[in-house]
Amino acid sequence: MKPNHLSKIKFYFWLSIKLLFNKKTLFGGSGPLALLGLILGVAALVASQSVMRGFQNTMAKAVIDMSADIQVVKRGRLIESWTEFQKEIKATDPSIQKVLRYAHTEAVVASKGKVSGVLVQGLDMKEVPGVLNFGPRFKAGVLPLEKNEIVIGLGLAKKLDIHMQDKIYIAVPLSTPFESNSLQRSAEEFVVSGILDMGKNDWNERLVISHLKDLQRLTQIGDRYNGAFVKIADSQKAVEVAAHMSQTLEPKYYVSNWYNLNRNILEAASLEKIVIFFVVFLIVIMAAFNISSTLYVIIRSRFKDIAILKTLGFKERNIRNIFVMQGIAVGTLGTFGGFIVGLFLSYGFMWLQSSFGVVPGAIYKIDRIDIQISAIDFLFIYISTLGACILAAYFPAKRGSELLIIDGMKQD
Amino acid sequence: MLQIKNVTRFFKSGLSEVQVLKGINLEVQPSQAICLLGASGSGKSTLLQIMGTLDRPTSGEVNFDSVSLLDMSDDELSHFRNEKMGFVFQFHHLVMELTALENVILPCLVVGENRAEAEAKAVHWFEYLGISDRMTHYPNQLSGGELQRVSIARSLIKNPSILFADEPTGNLDSENSKKVQQLFFQLQKQLGLTLVVVTHDPEFAKQFTQVYRVQDGMISLESPIVI
C-alpha cells in the first residue's frame, strides 16, 4: 500500500471517529439505542454459538474420553491373540499411537435391594493412560483398579444410592453350551472405588468399568476380548483414519470412530448451529436497519459540514468513505460490546445449568454443556456484523456524498 | 485567468422559474482584486458560487486559463478546488468537533499529505494571521474574529491561485470587520492572490479598484464606487 493511501485511510478513520463519537451523533438522539440493539443482537449470536459449539465439543470430548478415537471389534466372535491383533492394527496407519484392548458384557448390578441393567466394560488397566481420558472425569477415586474394584457413573450412583467403597453385586447371564434354552449365572462382589462423570447421560446410568481380568473371569472367556480402542495423533482425523483402517484390515473386523458413534446428534447439532446463527442474525440485521436510520439522521445533520468539506476539495468518495468508516466503527464497537455481553450471557447459562439443570440429559444425551467461545465463531460473527453495518452505512453515506454544495450550504 | 461567458442561472420556485443571473460576462485577471457589490437577493452570491464551481450555471461557460471547468468530472473539479481555490464565507463554517489546527489542515489531509508537514504549513498561517495561541482551541472557544481568521487560514493552506470570499465581514463587529478587510488586501498584495469578494457593504467595496455592481441578475462595472 502506498504511503499516500495509508495516510488517506488513517485520515478517513480519524475524521469519521471525530465526527461520530460525540453528543451530537452516536451519543445523542437515537444513537445509543441503535448501538444497544446491535450489542444485544451480537450478544445473542455469541451466546447461542458458544452454547452450540459447547454442545458439540462436550459431546465429542465425552465420546473420545470414554471410547477413544477409533474402535475395532471382530464381527460376532472374540479375539484371541492380543500381540498379533495389536500388530495388525498398528500396521494400518502411521498416525496410530496406542491401542487398548477391552471386553464387555451386559450385566445386572444389585445394591441395597435395588437392581439395574448395566454394560460392564473390562479394560487392560496398564494401557488405559494415553488412550482413554478418565482423569478429569473422576468425581471420586482414581485409576488403576485392583482386583474386584469397579468404577461406576454418576447416574448409576444416584439411581442406586451407591457411594465410594460400597459393595455391589454384578451378575452376568451365561448361556450353557448344551442347553440352548437355559442360562447360568455368574456373579461376584465388587467394591466401588471410583465414580465418574462419563459425559453422556446413558453412559452415566449404564456403563461400569472394571479390570479386564475381572470381566474375563466373570464372563468366563479366558484371555479373549471383544475389541480394541485406538488412539491416533489427531482426533479430528478419526473418520479418515478409520476408513483407511477399514480398507486395510480383513473384513472380519468392524471399525468405527468417535464421530460415527454419535453421527446423528452431532450432525443435527451442526445444522442447528447454522440455523440458529441465521435466525439470531436477523436481530443483527434489524439492528443494522436502526443504525442505517440513525446514520441518515446523523448525515442529514451534517449537510452543512459535508458542503464545506466539498468546497475544500473533498470528493464524493471521500465523503462516502468517511461515513462508511463510521459504519465500520459502529459495527466494531457493537461486536466487541456484544461479545462482552454474550460472555456474561454464556456464563449465566453455565450458572443456570449448574444450579437448575436446564439441559435434560434424556433428550440431549448430555446433561451439562461446557460452553466454548471459539475464535472462528467470533471472527465469523464479527465479519457478518461488520458486513451488515457497512451495508447499513453505505446507503446513507452515498446519499450524503451526492449532496450538492449549494443545497448543503442552505442548511441552518 | 478566470472567465465566465453568458452565464445564466434559473432556480425553480414552485411551478415557476426565477432567473437569478441574466447572461453575465466577467474576466478576472491573475492577482486582481474585484468586488461584487449588491443588495441582498441581487444574485451576487450565486455568481460567486458559479465562479467558484460550487454551483453550475443553467447556461454559459466558466473557464480557468482557457480550460472549461464545467466539463470537468466531480473528481477533477474537487481536485481543482483543492489545488487552486480558497473559500471564506460569512459564517466561519468550521467543523465544531475539530480544533482550529485540525480544521485548517483538512484540505491537506484529504489528498493524503503528511500530517506533520500539513501542521507545519498551518502553523505558519496561524502565525501570519496572529492567532498562533488559538491552534488547539475548538471553534466554540474562539471569538467571531478569530473564527474568521481560522477559516481564512484554512482557505490559504493549499496556496490557492484565487480566493473567493462571500460576505466575509458580514458577521463581524466593526473593529474585527476592519481588521479582516485589511487582511484581505494584505494577502492580495503580499501573495499576489486573485481575490473575488462579495459584499453589500459599500465601505468595504470602496477599497477595491474594481467594483462590479450586481443588480437584478445583471452586472455592471462601477469604479470608482459611488456611495
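What counts as what
Residues numbered from 1 in each chain as written. Chains lettered and ligands numbered in written order. Predicted model: local features only at pLDDT ≥ 70, side-chain atom pairs only at ≥ 80, totals over all residues. Helix = DSSP H or I, 4+ residues; strand = E, 2+ residues; numbered from the N terminus. Rg over C-alpha atoms; globule rule 2.2 N^0.38 Å. Buried ≥ 20, exposed ≤ 12 C-beta atoms within 10 Å, placed from the backbone. Contact = placed C-beta atoms within 7 Å. Domains from an automatic or database assignment. Pairing = 2+ DSSP bridges. Axes fitted to C-alpha atoms, helices over the stretch in contact; angles between N-to-C directions. Expected span 1.5 Å × (residues − 1). Arc of directions from axis to C-beta. Core = buried A, V, L, I, M, F, W, Y, C linked by C-beta atoms within 7 Å. pLDDT = per-residue confidence, 0-100.

### A word on the overall build of chain B
Helix and strand content of chain B: 7 helices and 10 strands. A compact globule built from 227 residues would reach a C-alpha radius of gyration of about 17 Å, and chain B, at 18 Å, matches this within 12%. Dimensions of chain B along its principal axes, counting C-alpha atoms only, are 50 × 40 × 35 Å. The burial tally for chain B puts 45% of its 227 residues in the buried class. Across chain B, the fraction of contacts at a sequence separation of at least 24, relative to all contacts at a separation of at least 6, is 67%.

### Brief notes about the overall build of chain A
Secondary structure assignment for chain A yields 14 helices and 10 strands. Expected size for 412 residues packed as a compact globule is a radius of gyration near 22 Å; at 31 Å, chain A overshoots this value by more than 25%. For chain A, the spread of C-alpha atoms along the three principal axes comes to 105 × 45 × 35 Å. The proportion of buried residues among the 412 residues of chain A is 43%. Across chain A, the fraction of contacts at a sequence separation of at least 24, relative to all contacts at a separation of at least 6, is 82%.

### Focus on the interface of chain A and chain B
Every contact between the two is made by 21 residues of chain A and, on the other side, 21 residues of chain B. Of all the secondary-structure elements, those providing two or more residues to the side of chain A that touches chain B are α1 (3-20), α10 (303-311), α11 (316-356) and α14 (405-409) of chain A.

### Topic: the domain arrangement of chain A
The domain architecture assigned to chain A consists of domain 1 (3-62 + 265-409) and domain 2 (78-251). A separation of 50 Å is found between the C-alpha centroids of domain 1 of chain A and domain 2 of chain A.

### A few points about the sheet that holds strand β10 (residues 218-221) of chain B
All names here are of chain B. Pairing is mixed across the open sheet formed by 6 strands, whose spatial order is β6-β7-β8-β3-β9-β10. Of all the strands in the sheet, the pair left with one neighbour each is β6 (85-88) and β10. Taken pair by pair, the neighbouring strands of this sheet meet at an average axis angle of 20°, ignoring direction. In this structure, strand β9 (residues 210-215) lies alongside β10, joined through 4 bridges in antiparallel fashion. Note that in β10 the partner of Arg 213 across the bridge is Ser 220. Its contacts with the sheet place helix α1 (residues 44-51) against β3 (33-37), β7 (162-166), β8 (194-199) and β9, and it is angled at close to 155° to β8.

### Brief notes about the sheet that holds strand β4 (residues 59-64) of chain B
All names here are of chain B. Taking strand neighbours across the sheet as the criterion, the 4 strands line up as β2-β1-β4-β5 in an open arrangement whose pairing is antiparallel. Taken across any chain shown, the strands that pair with only one partner, and hence form the sheet edges, are β2 (16-28) and β5 (67-68). By the bridge criterion, 10 bridges tie strand β1 (residues 2-13) to β2 in an arrangement that is antiparallel. The partner of Leu 2 across the bridge, within β2, is Val 28. On top of the sheet, α1 reaches β1, β2 and β4; it is set at about 125° to β1, its chief contact.

### Section: helix α6 (residues 174-191) of chain B
All names here are of chain B. The terminal C-alpha atoms of α6, which comprises 18 residues, lie 25 Å apart, in line with the 26 Å expected from a rise of 1.5 Å per residue. Those residues of α6 not exposed but buried are Ser 177, Val 180, Phe 184 and Leu 187. Mapping the buried residues of α6 onto a view down its axis gives an arc of 85°, with all of them on the same face. Those residues of α6 that are exposed and aimed more than 90 degrees away from the buried face are Ser 174, Glu 175, Gln 182, Gln 186, Lys 189 and Gln 190. Looking at the packing, one finds that the buried side of α6 touches α5 (144-156), β7 and β8. The positive-phi residue at the C-terminal boundary of α6 is Gly 192, with phi of around 65°.

### So, the nonpolar core
Residue and element names in this part refer to chain A. Ile 70 and Leu 100 are the most contacted members of the largest nonpolar core, which has 174 residues in total. For this core, the element with the most residues is helix α2 (residues 31-67), which contributes 19 residues. Residue assignment places this core across two domains, with domain 1 (3-62 + 265-409) and domain 2 (78-251) each supplying three or more.

### Re the confidence of the model for chain B
Residue and element names in this part refer to chain B. Averaged over chain B, the pLDDT score is 89; the fraction of residues at 70 or greater is 98%. The secondary-structure element of chain B with the lowest mean pLDDT is α6, recorded at 85, while helix α3 (residues 100-109) shows the highest, at 95. At the level of chain-chain contacts, confidence expressed as ipTM amounts to 0.92, with global pTM at 0.76.

### Section: the pairing of strand β8 (residues 207-211) of chain A
Residues and elements named next belong to chain A. Most of β8 sits inside the fold, with 5 of its 5 residues counted as buried. Here strand β3 (residues 114-123) pairs with β8 via 5 bridges, running parallel. Each bridged residue has a counterpart across the sheet, and for Leu 119 the counterpart in β8 is Leu 207. Looking at chain direction, strand β5 (residues 149-153) and β8 are connected through 3 bridges and run antiparallel. Its bridge partner lying in β8, Ile 150 is registered against Ser 210.

### Some points on the pairing of strand β7 (residues 183-196) of chain A
Residue and element names in this part refer to chain A. In this sheet, β7 lies alongside strand β4 (residues 138-141) in antiparallel orientation, the contact comprising 3 bridges. From the neighbouring strand, Phe 138 faces β7, where its bridge partner is Leu 196. Pairing between strand β6 (residues 167-175) and β7: 9 bridges, direction antiparallel. Counterpart to Ile 168 in the pairing with β7 is Phe 190.

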